[in-house]
Protein chains: 2
Amino acid sequence: MKSISIQGIKGSFHHEAVVKFFQNEKVEILDSPTFKSLVTDVVSKKTDYGMMAIENSIAGAILPNYSLITKYKLHIIGEIVLPIKHHLLVLPEETIDTITEVRTHPMALLQCENFLEKYPDWKLLAKDDTATCARNIHEKKLKGIATIGSKLAAEMYHLKILQENIHDISDNYTRFYLLSTTPEKINNFNKASLYFTTDHTMGSLAKVLNTLAKYKMNMTKIQSVPLSGSVFQYSFHVDIVSKESGYDTYYEALEEIKTQTGFLHVLGEYKEYKIEK
Amino acid sequence: MKSISIQGIKGSFHHEAVVKFFQNEKVEILDSPTFKSLVTDVVSKKTDYGMMAIENSIAGAILPNYSLITKYKLHIIGEIVLPIKHHLLVLPEETIDTITEVRTHPMALLQCENFLEKYPDWKLLAKDDTATCARNIHEKKLKGIATIGSKLAAEMYHLKILQENIHDISDNYTRFYLLSTTPEKINNFNKASLYFTTDHTMGSLAKVLNTLAKYKMNMTKIQSVPLSGSVFQYSFHVDIVSKESGYDTYYEALEEIKTQTGFLHVLGEYKEYKIEK
């Protein structure tokens, strides 16, 4: 059975990402307190893979996680995108009137601002993660205390969903990468994550993008990152999807881009996850 | 006297950004609990300007703050970049051996990981902001408790810097924008922040970048953002600096880009801040 390290505990969005990615396949899940420990679990072979959040449609990319991938030379071998839905979770006997406090991750508090403004008397407490709050409410039988979390957290820790979908913005997605120490060959991969530098001459990035267009590679993400130690040089994270052009064209494009960049790392070649709407 | 709203309280990095931007000019500073309230203070004319963090070299862009700028139709009229330096702050009588706990913002804990690992017995507590921790230690005379914060916070709240520069990575910069409800004309501006959409046809972004190169506009930032409500369309944040090309060229480039984009918003035209190294 494959083992996968996640950030946080069971019932977290990371856990949900693993369930969605592996579907009916049975896998073993290992809780890990931080993104860094998630990665070192994979590197030290404590687990086979790591599932790690990389970007959120509202908050943007988690750049330090890109740094972990490059620093530890990990390979992206898959991706999955989760819609983030927040629910108000409480002990089974609670009602909206018995709640006095909400504890959850600061991002969840922020994303449910409109709902929470309706209850100005509630004390709002920022905590490290939502699943741990859910577990504590269940295990310590915390009366009057709600958390904001996922359906999976409600199921895992036997909490009641007092109010569904309390998030302000419905278009909230988080992308996760499945990471491995070895570049497993993915059949029919159609997406690649590239990381490269250009010199800071005028139009050097435009040249790379022209090449991608010439080889009919569709770009689904681009982000400049200032290079550490060099304020005036930039590196870029670019995701490309090849539609019908096939592998030969992809490898030709890669060869041409190599001549236009300082360094070019292929962080992974994998199957694009299509968001169903 | 000009009034400026900041996120957090005096002694925060936002306060430091105001001091650095206005230098010897006397200004009034208004504390604001959240980024949203900082912005609404400006919109409601409670203050003249807002100073708001927009990106960090390690953590990346704060996309929700870009959303606040566009949602409330604010104009960027200046920028400033702060090197982020973390110090260990305590009451004057403390030594390294009397510390039992460190309370600060989770980002500060993360950025001082190597230093904190040397003291495994210290309890680490995540708090909302570093300057408030410093103020509490001073006002409540909290013995044995340290915070991680700036030199300004140490000065403001009469704390001792027990250990200087405890951050892991020295290349840590945060960029702040000065925001106004009106597009003040900045003399000799050389930088502009653009926000635009392209259609999702192959090479549409490459066309825009070719135009920028043609008019000798240097790009200092690019980031794609998935458009809310449309998973397959993207918008882009692009910062450009015109070197010697002058205003005419800039306006010509803008006109040409308008024909290549869905919508094009100029979020601000201002003077580039040059990082001194």
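Residues numbered from 1 in each chain as written. Chains lettered and ligands numbered in written order. Predicted model: local features only at pLDDT ≥ 70, side-chain atom pairs only at ≥ 80, totals over all residues. Heavy atoms only, no water.

*Asks:* Is there a simple way to explain the pairing of strand E5 (residues 75-83) of chain A in this structure?
*Replies:* Every other side chain in a regular strand lies on the same face of the sheet, so the side chains alternate between the two faces. Residue and element names in this part refer to chain A. Burial analysis of E5 places seven of its nine residues in the buried class, the great majority of the element. Summarising the sheet, E5 and strand E11 (residues 173-180) pair through eight bridges and their orientation is antiparallel. Residue pairing in the sheet places Gly 78 in a bridge with Leu 178 of E11. (Buried < 20%, exposed > 50% of the residue type's maximum accessible area, 1.4 Å probe, protein only. Helix = DSSP H or I, 4+ residues; strand = E, 2+ residues; numbered from the N terminus. Pairing = 2+ DSSP bridges.)

*Asks:* Is there a simple way to think about the UniProt feature "domain: Prephenate dehydratase" (unreviewed entry) in chain A in this case?
*Replies:* Those residues carrying the UniProt feature "domain: Prephenate dehydratase" (unreviewed entry) are residues 3-181 of chain A in this numbering. Helix makes up 31% of residues 3-181 of chain A and strand 33%, whereas the separation of the span's terminal C-alpha atoms amounts to 13 Å. (UniProt positions renumbered as here; feature names shortened; annotations may be inferred.)

*Asks:* For this particular structure, what's the right way to read the packing of aromatic side chains?
*Replies:* The geometry of two aromatic rings is summed up by the distance between their centres and the angle between their planes. One pass over the structure, following the stated rule, counts 19 aromatic pairs over all chains. The rings of A:Phe189, A:Tyr247, A:Tyr250 and A:Tyr251 are connected pair by pair, giving a single aromatic cluster. (Phe/Tyr/Trp six-rings, centres within 6.5 Å; stacked < 30°, edge-to-face > 60°.)

*Asks:* What exactly am I supposed to notice about the pairing of E11(A) here?
*Replies:* Residues and elements named next belong to chain A. For E11, a buried count of eight out of eight residues is recorded, marking the element as mostly surrounded by other parts of the structure. Burial of E11 is two-sided: the residues Tyr 173, Arg 175, Tyr 177 and Leu 179 facing one way and the residues Thr 174, Phe 176, Leu 178 and Ser 180 facing the other way are all buried. Here strand E3 (residues 49-56) pairs with E11 via six bridges, running antiparallel. Bridge pairing links Asn 56 to Thr 174 in E11.

*Asks:* Is there a simple way to explain the relation of the copies chain B and chain A in this structure?
*Replies:* Between the two copies of the chain lies a relationship made up of a rotation around an axis and a movement along it. When chain B is fitted to chain A, the best match, at an RMSD of 0.0 Å, comes from turning it 180° and sliding it 0.0 Å along the axis. Those values place the two copies in the arrangement expected of a two-fold rotation axis. Considering only C-alpha atoms, the residue of chain B closest to the rotation axis is B:Gln223, which sits at 2.1 Å. Both copies contact each other with a shared surface, as 100% of the interface residues of chain B are interface residues in chain A too. (Least-squares fit on C-alpha atoms with pLDDT ≥ 70 in both. Contact = heavy atoms within 4.5 Å.)

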